[in-house]
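The lines below spell out each chain.
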Amino acid sequence: MSIHPTAIVDASAALADGVAIGPWCTVGPGVTLAEGVRLVSHVVIQQDASIGANTTIHPFAVIGGDPQHGGYKGEPVRLEIGENNLIREHCTFNRGTPQGTGVTRVGSNNLFMTGAHVGHDCVVGDNVVMANNATLGGHARIGDKVFLGGLCAVHQNGRVGQGAIVGGLAAVTRDVIPYGSAWGNHASLHGLNLIGLKRKGYGKDAVRRLLAAYRDLFEGDGVFAERLDRVEQAYADLPEIMEIVAFIRDGGKRPLCLPGAE
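Residues numbered from 1 in each chain as written. Predicted model: local features only at pLDDT ≥ 70, side-chain atom pairs only at ≥ 80, totals over all residues. Heavy atoms only, no water.

### Regarding the pattern of salt bridges
- By the definition in use, this model includes 9 salt bridges.
- Note that R249 and E232 form a salt bridge whose closest N and O atoms lie 2.7 Å from each other. Placement of the pair is R249 in helix α4 (residues 239-250) and E232 in helix α3 (residues 224-234), with a sequence separation of 17 residues.
- For E232, a relative accessible area of 31% puts it in the partly exposed group.
- Each member of the salt-bridge network shares a partner with another, and the members are R159, D175 and R254. (Salt bridge = Lys/Arg side-chain N within 4 Å of Asp/Glu carboxyl O. Helix = DSSP H or I, 4+ residues; strand = E, 2+ residues; numbered from the N terminus. Buried < 20%, exposed > 50% of the residue type's maximum accessible area, 1.4 Å probe, protein only.)

Written out as structure tokens, the structure reads:
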């Protein structure tokens, strides 16, 4: 364990072996730092936060801050962050609220570039990239392997499904389907995340079938509910399409990000 003499560490903080706390960091009450956590310098872990193993946090990040919610009155709430995350300069992660789940949860193997913000009660999956100044409103749900472009903003309670990509500067006010590609202000759907699918090893035939299902769902005949039923039956052997169908059905009457003009 290495703690710089200028750092301030609360007596109630739990530090594992191999933790490195650099100059001018502050680690508050109720904080747990797992094996190999590194705070580079000038990092604030405010309180009631757990940071998973081998996570590195760069200068001027504020982690575990109070929720930015007018109804918060100091109740006990938490932030939980998984393993192997890289959190760059000026990122802000807030704790949950009593009005929500009480916990903000962030998964493992994520990259948060400079200025990224994770609001109260959010759930962020694994292998997510949030580019510079990407922002999540409270209660947002971000699936695994999502890419959020620089300066995009996901509205409170918004959902972005697994494997989706959101372009820079996008205002995401409607749910983005798994594997979707959304951009614009306000964001609209522009097909599937083809680059992401290819990088994950999907072959040409697999991508063609996914695109066919996408077209049947969003460009086919009849009302959307009818198309959703048809796609669910016709592509039952494609787990990615079944995930999209389940995502839409789970959202109930929530507004869905739909295709827009190129």
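### Thoughts on the packing of aromatic side chains
- Within this structure, the stated rule accounts for 3 aromatic pairs.
- Relative to F218, the ring of Y214 has its centre 4.9 Å away and its plane inclined at 45°; by these criteria the two rings are tilted. Of this pair, Y214 and F218 both sit in helix α2 (residues 204-219), 4 residues apart, which is roughly one turn of the helix. Residues Y214 and F218 agree in their burial class; the two are buried.
- The positively charged end of R159 is found above the aromatic ring belonging to F247, 3.9 Å away from the centroid. (Phe/Tyr/Trp six-rings, centres within 6.5 Å; stacked < 30°, edge-to-face > 60°. Lys NZ or Arg CZ within 6 Å of the ring centre and 35° of its normal.)

### Here's the deal with the sheet that holds strand β21 (residues 141-142)
- Taken in spatial order, the 8 strands make up an open sheet running β3-β6-β9-β12-β15-β18-β21-β24, and their pairing is parallel. Two strands bound the open sheet, and with one partner strand each, they are β3 (14-15) and β24 (159-160).
- Where strand β6 (residues 32-33) meets strand β9 (residues 49-51), 2 bridges bridge the pair, whose relative direction is parallel. Residue pairing in the sheet places L33 in a bridge with I51 of β9. (Pairing = 2+ DSSP bridges.)

### What about the domain arrangement of the protein?
- Considered domain by domain, the protein is made up of domain 1 (2-139) and domain 2 (196-250).
- For domain 1 and domain 2, the distance between their C-alpha centroids amounts to 36 Å. (Domains from an automatic or database assignment.)

### Quick notes on the layout of surface pockets
- Considered as a void within the structure, the largest pocket measures approximately 230 Å³ in volume.
- What lines the largest pocket is N127, V129, K145, V146, F147, A164, I165, N193, I195, G196, R199 and K200.
- Partitioned by chemical class, the residues of the lining of the largest pocket number 6 nonpolar, 3 polar and 3 charged. (1 Å grid on protein atoms, 1.4 Å probe; cavity = no way out; pocket = protein on both sides within 12 Å on 5 of 7 lines; lining within 4 Å. Points joined across faces, edges and corners; volume = space filled by probe spheres on them. Nonpolar A, V, L, I, M, F, W, Y, C, P; charged D, E, K, R; others polar.)

### Description of the pairing of strand β28 (residues 188-192)
- Within β28, 5 of the 5 residues are buried, which leaves the element mostly enclosed by the surrounding structure.
- Two elements, strand β27 (residues 180-183) and β28, share 3 bridges in a ladder whose sense is antiparallel. Directly across from A182, in β28, lies its bridge partner L189.
- Between the end of β27 and the start of β28, which pair antiparallel, lie 4 residues, with G184 showing a positive phi angle near 105°.

### Describing α2
- Helix length check: α2, at 16 residues, gives a terminal C-alpha distance of 21 Å against a target of 22 Å (1.5 Å per residue), a fit within 8%.
- Turning to α2, its buried residues number three or more, namely V207, L210, A213, Y214, L217 and F218. Taken around the axis of α2, the buried residues stretch over an arc of 125°, which confines them to a single face. Residues of α2 that are exposed and angled more than 90 degrees away from the buried face: K204, D205, R208 and E219.
- Packed against the buried residues of α2 are β28, α1 (194-199), α3 and α4. (Expected span 1.5 Å × (residues − 1). Arc of directions from axis to C-beta. Contact = heavy atoms within 4.5 Å.)

### Regarding the pairing of strand β11 (residues 62-65)
- Where strand β8 (residues 44-45) meets β11, 2 bridges bridge the pair, whose relative direction is parallel. Residue pairing for β11: I45 is matched across the bridge by I63.
- Of the strand pairs in this sheet, β11 and strand β14 (residues 92-94) are connected by 3 bridges, and their pairing is parallel. Paired with V62 across the strands is T92, a residue of β14.

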